[in-house]
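One letter stands for each residue in the lines below.
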Amino acid sequence: MEPTKRIFVNTIAQYTKAVVNTCLSLYTVRLVLNILGHADYGIMSVIGGIVIFLGFITNAMVVTTQRHLSYDYGSKTAPEVRKTFANCIFLHLLLGASLLVMLLSVEEPIVSPSFLNIDDGRWGAAHAIYKTVSAILFLTFLTAPFKALLIARENIVFISCVEMLDGFLKLGIVLLLPSLSIDKLIAYALMLLAIMVFEFIVFSTYCITKYPECSLRHFSHDINRQQIKRLSGFAGWTTYGMGVIIARNQGLAWLLNYFFNTIINASYGIANQLFTAVQFIASSIINAMNPQMMKAEGLGDRSRMLRMAEQASKIIVCMMAILFIPLMVEMDGVLHLWLGNIPPHTTLFCNSLLAVFLIDQFTSGLNSANQAIGKIKTYTLIMYTPKVLLLVIAYMLLHRGFGVKSVMICFMAIEAIVALARLPYMHIMAGLNVRNYIKTVFIANFWLIAFMLLLAMGLRHISDSHYRFLATIPLTCLCGAVFAWFVTFNSKERQRFTNIIKKK
């Protein structure tokens, strides 16, 4: 299949998965919140957040594995690719086991009154959740290299099918919860663990039977100290970058728990669920284009790689703006239908995190471009370190009596500064044409965002009903899509999309 067609097919597969899983996830959150209650949902959010705080290492290893495999597919032979994958597997096993031992050894000081604010009768459940989520993290580590291989192989369709099945399974266990007589919070966590076991078996079995680079016969012979060192260096700086983001997000959750209680953690947890759901949609573009970007860099075609990064940013911002802006304007109504009983500050958290995500997407393609180049140490230090400053600022604001709104405003401001800083950096390091990037991504999407805001705000005044959004959001999205097609995208882009659709 031609690269452009493959990107199109993979994007459709990822986008379909994103839509299905977003709907399933949002409905599942409503059910879980009603079944567990705000307090228990807050416990799941804060305990799970502490453990998943280390899950960024898993994501870093996925990025590392996928980047090096895609690069090798473009520049090296099959045996070299097999050796790269074997060393990635070895690193995942080593780091996963080390993290699991470390997490279990520090359980007592973490799940304690000195660190967490939890009702006295729920400490037993909190310890059970901690152990279960630690096991989920370990299985995620073991599954990660196989998913990275599928991305590098551009077999996005299989990943999308399995992850859609994951969404249906999670909905199924939630529907099963009310009929169980045991502690529902513990039962929910254990069933999530069972789903993770199922995913590991499916991904590993498929890759081992289908791809020769997964051959276990050569595993011990392919382990190479120099290659492990090279992979570890890339993974280390990727881990640092993702660690800063997780530290910021989970650190903010801890600050909210410290200054308030688990109810506000429930609000922040709901917003993060929404944030995670919409990330699926953005990943539909990045996951489809990343392998081609890495291969282009591996073949020495940097100009094509940068063009793809530019297009990825433009398309993601366009898609996110069409979806986010009417959703943000009508967030109160959406939450009322979604959750029924809305915890305090939920609307503020949801809108703020969506705005933060949209701001970051304006230059998100440049992240992938830098990963393709492989020189990430300086980039990571410059682009990620400032993000953790939010915790210092948030503590000072909350300590002085300011509300959570001031914290979220600072959140958005820091994200905007970092997003803009990527432009001059990539111009110096990779020869990015900043003027053309601003014209293609920023200016083109500015008019779309302005149009969407004016239309959504105007339609908001047609009725005072909580269910007004059932009409205004689809209408705004439809008008935004038409505007994007004729204004945001130029004639060449429209023609290219039309040709791909006709051929498929």
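On a predicted model such as this, the values are computed, not experimentally measured, just so you know.

Participant: So what exactly am I meant to see when it comes to the overall build of the chain here?
Facilitator: When its secondary structure is counted, the chain shows 20 helices and zero strands. Looking at the chain as a whole, 55% of its 504 residues qualify as buried. Expressed as a percentage of contacts within the chain between residues at least 6 apart in sequence, the contacts between residues at least 24 apart total 84%. Of the accessible surface of the chain, which amounts to about 21,700 Å², a share of 67% is contributed by carbon and sulfur atoms.

Participant: Before we go on, may I ask you to explain the side chain of Thr-440 in this structure?
Facilitator: Structurally, Thr-440 can be placed in helix 18 (residues 434-459). Of note is the side chain of Thr-440, whose polar atom sits 3.4 Å from the side chain of Glu-310. Setting aside chain neighbours within four positions, we find Thr-440 in contact with Glu-310, Gln-311 and Lys-314.

Participant: How should I be thinking about the pattern of salt bridges in this particular structure?
Facilitator: Pairing between side chains of opposite charge can happen when the charged atoms of each approach one another. Counted according to the given criterion, the structure contains six salt bridges. Here Glu-330 and Arg-468 are joined by a salt bridge, their closest N and O atoms 2.8 Å apart. Residue Glu-330 is located in the loop between helix 11 (302-329) and helix 12 (331-339), and its partner Arg-468 is located in the loop between helix 18 and helix 19 (469-488); the two are separated by 138 residues in the primary sequence.

Participant: What's the story with the environment of Phe-90 in this structure? I'm lost.
Facilitator: Checked against the element boundaries, Phe-90 lands in helix 3 (residues 78-105). Judged by relative accessible area, which is 31%, Phe-90 ranks as partly exposed.

Participant: Quick question: what am I supposed to make of the packing of helix 11 against helix 19 here?
Facilitator: The geometry of a pair of packed helices is captured by two quantities: the angle between their axes and the separation between those axes. The contact between helix 11 and helix 19 brings their axes to 8 Å, and the two run at 155°. With respect to helix 19, the axis of helix 11 lies roughly antiparallel. Between helix 11 and helix 19 lies a crossing whose hand is right-handed. Touching Lys-314, Cys-318, Ile-322, Leu-323, Pro-326 and Leu-327 of helix 11 are Ile-473, Thr-476, Cys-477, Gly-480, Ala-481, Ala-484 and Thr-488, all from helix 19. Among the residues forming the contact of helix 11 with helix 19, the class breakdown is nine nonpolar, three polar and one charged.

Participant: Could you clarify how one ought to interpret helix 19 in this entry?
Facilitator: Since the α-helix turns once every 3.6 residues, residues separated by three or four places project in the same direction. In a regular helix each residue adds 1.5 Å, so 20 residues correspond to 28 Å; helix 19 covers only 25 Å between its end C-alpha atoms and thus falls short of that length. For helix 19, the set of buried residues is Phe-469, Thr-472, Ile-473, Thr-476, Cys-477, Gly-480, Phe-483, Ala-484 and Thr-488. What you see down the axis of helix 19 is that its buried residues fit within an arc of 130°, all on one side. Counted as exposed and oriented over 90 degrees from the buried face of helix 19: Leu-470, Leu-478 and Phe-486.

Participant: Help me understand the packing of helix 13 (residues 346-361) against helix 17 (residues 404-430), please; the structure alone is not making it clear to me.
Facilitator: Interaxial distance between helix 13 and helix 17 falls to 9 Å at its minimum, and their mutual angle equals 10°. The orientation of helix 13 with respect to helix 17, classified from their angle, is roughly parallel. On helix 17, the residues that touch Leu-348, Phe-349, Ser-352, Leu-353, Ala-355, Val-356, Ile-359 and Asp-360 of helix 13 are Val-404, Lys-405, Met-408, Phe-411, Met-412, Glu-415, Ala-416, Ala-419 and Arg-422. A per-class count over the contact of helix 13 with helix 17 returns 12 nonpolar, one polar and four charged.

Participant: Which parts of the structure should I look at to understand the nonpolar core?
Facilitator: Soluble globular proteins tend to pack their nonpolar side chains together in the buried interior. Of all hydrophobic cores here, the largest spans 117 residues; its most connected members are Tyr-188, Leu-252, Met-305, Phe-349, Met-426 and Leu-448. Element by element, the count of residues in this core is highest for helix 11, at 16 residues. The next biggest cluster of nonpolar side chains, apart from the first, holds 17 residues, and it includes Val-81, Leu-150, Ile-159 and Tyr-211.

Participant: I would appreciate a short explanation of the packing of aromatic side chains in the present structure.
Facilitator: Two aromatic rings, taken as a pair, are described by how far apart their centres are and by the angle between their planes. Within this structure, the stated rule accounts for 12 aromatic pairs. Three or more aromatic residues joined by ring pairs form one cluster here, namely Phe-158, Phe-203, Tyr-206 and Tyr-211.

Participant: Would you mind showing me how to read the side chain of Thr-346 here?
Facilitator: In this structure, Thr-346 sits in helix 13. What makes Thr-346 buried here is its relative accessible area of 1%. The residues touching Thr-346, leaving out its near neighbours within four places in the chain, are Ser-267, Ile-270, Leu-335 and Leu-339.

Participant: Any chance you could explain the state of the cysteines here in plain terms?
Facilitator: Under the criterion given, the structure shown has zero disulfides. Just so you know, Cys-479 is unpaired, no disulfide at all, and the nearest cysteine sulfur is the one on Cys-477, 9.5 Å from it. Take Cys-479: its relative accessible area is 28%, and that puts it in the partly exposed class.

Each value, and the rule that gives it
Residues numbered from 1 in each chain as written. Predicted model: local features only at pLDDT ≥ 70, side-chain atom pairs only at ≥ 80, totals over all residues. Heavy atoms only, no water. Helix = DSSP H or I, 4+ residues; strand = E, 2+ residues; numbered from the N terminus. Buried < 20%, exposed > 50% of the residue type's maximum accessible area, 1.4 Å probe, protein only. Contact = heavy atoms within 4.5 Å. Areas by Shrake-Rupley, 256 points an atom, 1.4 Å probe, with all protein chains shown as cover. Polar contact = N/O pair within 3.5 Å; in protein donor to acceptor, adjacent residues only side chain to side chain. Salt bridge = Lys/Arg side-chain N within 4 Å of Asp/Glu carboxyl O. Axes fitted to C-alpha atoms, helices over the stretch in contact; angles between N-to-C directions. Parallel < 35°, antiparallel > 145°, perpendicular 65-115°, else oblique. Left-handed = near helix turned anticlockwise from the far one by under 90°. Nonpolar A, V, L, I, M, F, W, Y, C, P; charged D, E, K, R; others polar. Expected span 1.5 Å × (residues − 1). Arc of directions from axis to C-beta. Core = buried A, V, L, I, M, F, W, Y, C linked by side-chain atoms within 4.5 Å. Phe/Tyr/Trp six-rings, centres within 6.5 Å; stacked < 30°, edge-to-face > 60°. Disulfide = S-S within 2.5 Å.

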